[in-house]
Amino acid sequence: MTDVFGNGMENEIPDNVLYPSEVTVLGVGNVILKDEGFGVRVVEYLDSRYEFPETVQLVDGGTLGIELTQYLTGTKRLLVIDSINGGKEPGTTFCFRNDEVTAHFQDKLSAHEVGIQDVLALLTVTGRKIPAVTVIGAQPYSVEAGVELTENMQELLPQMAEQALAILKEWGILPTAKETEHHPDLHTVAEESVKEVFSR
């Protein structure tokens, strides 16, 4: 019988986990609200320029919340990239690690951030806590309707990508640059996968 609370299962990955991976780079945000989609755009930027080891999954999490559990269970290191409303000047960058992440999410600044907080809490109480979690992002310039980042936010893409690569390097992950830039083809588009499941 499966123990839904995870007792004695710390090293096992449940059968319903779709994409178990040692390291997950998760971009979140609403891509139809200009800079709110910054996290997703950064992950697309990384995917178009770098090859990552098989132990790393890049995930476009969109605005999903608790549904991301099936993508994050079993991950040992999680890097979340997001548009962060920290009450600072637009373009201000942020980096939260481990316990700082919990403090950040206590503000519940957006629906998907509440969802991520719920995922992390669920994994913790079921004995599958992610050992290392880092959240990086930038204060948006505009969250009005629109599918393109503002020009200023667009200019932050390379900087945020370099910050992500530096964190991955700390974790022993060294992606290689692609010879030519490719159109983003993320390993996993979580939001689309979930929509497909519910449309059956």
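Report on the accompanying structure. Because the structure is predicted, anything quoted here is derived from the model rather than measured.

Within the largest apolar cluster, 27 residues are counted, with the highest numbers of intra-cluster contacts made by Val 25, Phe 38, Leu 46, Leu 79 and Ile 81. Of all elements in the fold, only strand S1 (23–28), helix H1 (38–49), strand S3 (56–62), strand S4 (77–83), strand S6 (132–138) and helix H5 (151–170) reach the threshold of two or more residues within this core. The element that contributes the greatest number of residues to this core is H5, accounting for nine residues. Ranked by size, the runner-up nonpolar core spans 20 residues in total, among them Leu 72, Val 80, Phe 94 and Ile 130.

With that settled, consider the environment of Ile 66. Turning to its location among the elements, Ile 66 is positioned in the loop between S3 and helix H2 (69–72). Taking C-alpha positions, Ile 66 is 5.4 Å from Val 119, a pair spaced 53 residues apart along the chain. Excluding residues within four positions of it along the chain, Ile 66 makes contact with Gly 115, Asp 118, Val 119 and Leu 122.

Attention now moves to a nonpolar patch on the surface. Judged by side-chain polarity, Ile 66, Leu 122 and Val 125 come together as a nonpolar surface patch covering roughly 260 Å² of accessible area. Tracing the backbone through its elements, the reader meets Val 125 in helix H4 (residues 111–125).

This next bit is on the environment of Thr 69. Within the secondary structure, Thr 69 is located in helix H2. Beyond its immediate sequence surroundings of up to four residues, Thr 69 is in contact with Val 119, Leu 122 and Leu 123. Within the structure, Thr 69 has its side chain in polar contact with the backbone oxygen of Ile 66 (distance 2.7 Å).

How each quantity is defined
- Residues numbered from 1 in each chain as written.
- Predicted model: local features only at pLDDT ≥ 70, side-chain atom pairs only at ≥ 80, totals over all residues.
- Heavy atoms only, no water.
- Core = buried A, V, L, I, M, F, W, Y, C linked by side-chain atoms within 4.5 Å.
- Buried < 20%, exposed > 50% of the residue type's maximum accessible area, 1.4 Å probe, protein only.
- Helix = DSSP H or I, 4+ residues; strand = E, 2+ residues; numbered from the N terminus.
- Contact = heavy atoms within 4.5 Å.
- Patch = residues over 30% accessible without salt bridge, like charges linked within 9 Å, V, L, I, M, F, W, Y side chains within 5 Å.
- Areas by Shrake-Rupley, 256 points an atom, 1.4 Å probe, with all protein chains shown as cover.
- Salt bridge = Lys/Arg side-chain N within 4 Å of Asp/Glu carboxyl O.
- Polar contact = N/O pair within 3.5 Å; in protein donor to acceptor, adjacent residues only side chain to side chain.

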